[in-house]
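Summary of structural features
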Amino acid sequence: MEGKTADYHHLKGFPVRSVDEIPNQRADGLIVSSPTGSTAYSLSANGPIVHPAVTGLLLVPIVPHTLSNRPIVLPQDSVIELEVINQHAVSVGWDMQSFFEAQESDVLRIARASEKITFLHPLSYDYYVTLRKKLGWNDE
């Protein structure tokens, strides 16, 4: 974006509240994902590969500032609250399609939706074959 420079040198802090007592995250960013999204954005940030049949939420720090901030898979009924404590605006995005700027003291509440979705695949679909092709597993 012309005329606008990103301010990347400030540490971002994300106090994380959940029923599971997740510690605060100090990182450049944070990905919260379902297992379906784990092989995209969170995988690129060293998040785990999680089979789509596993129910849960992934919490993946982007460029964590300590070695103790690691990706974690939370139970599906977890409610996660992220509070912005940095005085600089934080960009929040959904599947990289929709964005807004969160300000200091904003709280983002994330929970599993009550609605479900069913993905249709061809009868020949195999999750592991897809991973092998996309990730180059077993390449000679």
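Our subject is the structure listed above.
Residues numbered from 1 in each chain as written. Predicted model: local features only at pLDDT ≥ 70, side-chain atom pairs only at ≥ 80, totals over all residues. Heavy atoms only, no water.

Along its length, the chain carries two helices and nine strands. Listed by position from the N terminus, the elements making up the chain come as β-β-β-α-β-β-β-β-β-β-α. Expressed as a percentage of the 140 residues in the chain, the buried residues total 26%. Carbon and sulfur atoms form 54% of the exposed surface of the chain, whose accessible area is close to 9900 Å². (Helix = DSSP H or I, 4+ residues; strand = E, 2+ residues; numbered from the N terminus. Buried < 20%, exposed > 50% of the residue type's maximum accessible area, 1.4 Å probe, protein only. Areas by Shrake-Rupley, 256 points an atom, 1.4 Å probe, with all protein chains shown as cover.)

With that settled, consider the pattern of salt bridges. According to the stated counting rule, one finds one salt bridge in the structure shown. For the salt bridge of Arg109 with Glu81, the shortest nitrogen-to-oxygen distance reads 3.6 Å. One end of the pair, Arg109, is in strand S9 (residues 107-111); the other, Glu81, is in strand S6 (residues 79-83), with 28 residues separating them in the sequence. We classify Arg109 as exposed; its relative accessible area is 60%. (Salt bridge = Lys/Arg side-chain N within 4 Å of Asp/Glu carboxyl O.)

This part is about a nonpolar patch on the surface. Among the surface-exposed residues, Ile49, Tyr128, Leu135 and Trp137 lie close enough to one another that they form a single nonpolar patch of about 350 Å² accessible area. Note on placement: Leu135 falls in helix H2 (residues 127-135). (Patch = residues over 30% accessible without salt bridge, like charges linked within 9 Å, V, L, I, M, F, W, Y side chains within 5 Å.)

This part covers the side chain of Ser78. With respect to the secondary-structure elements, Ser78 resides in the loop between strand S5 (72-74) and S6. Overall, Ser78 belongs to the buried group, its relative accessible area being 1%. A distance of 3.0 Å separates a polar atom in the side chain of Ser78 from the backbone oxygen of Pro75. (Polar contact = N/O pair within 3.5 Å; in protein donor to acceptor, adjacent residues only side chain to side chain.)

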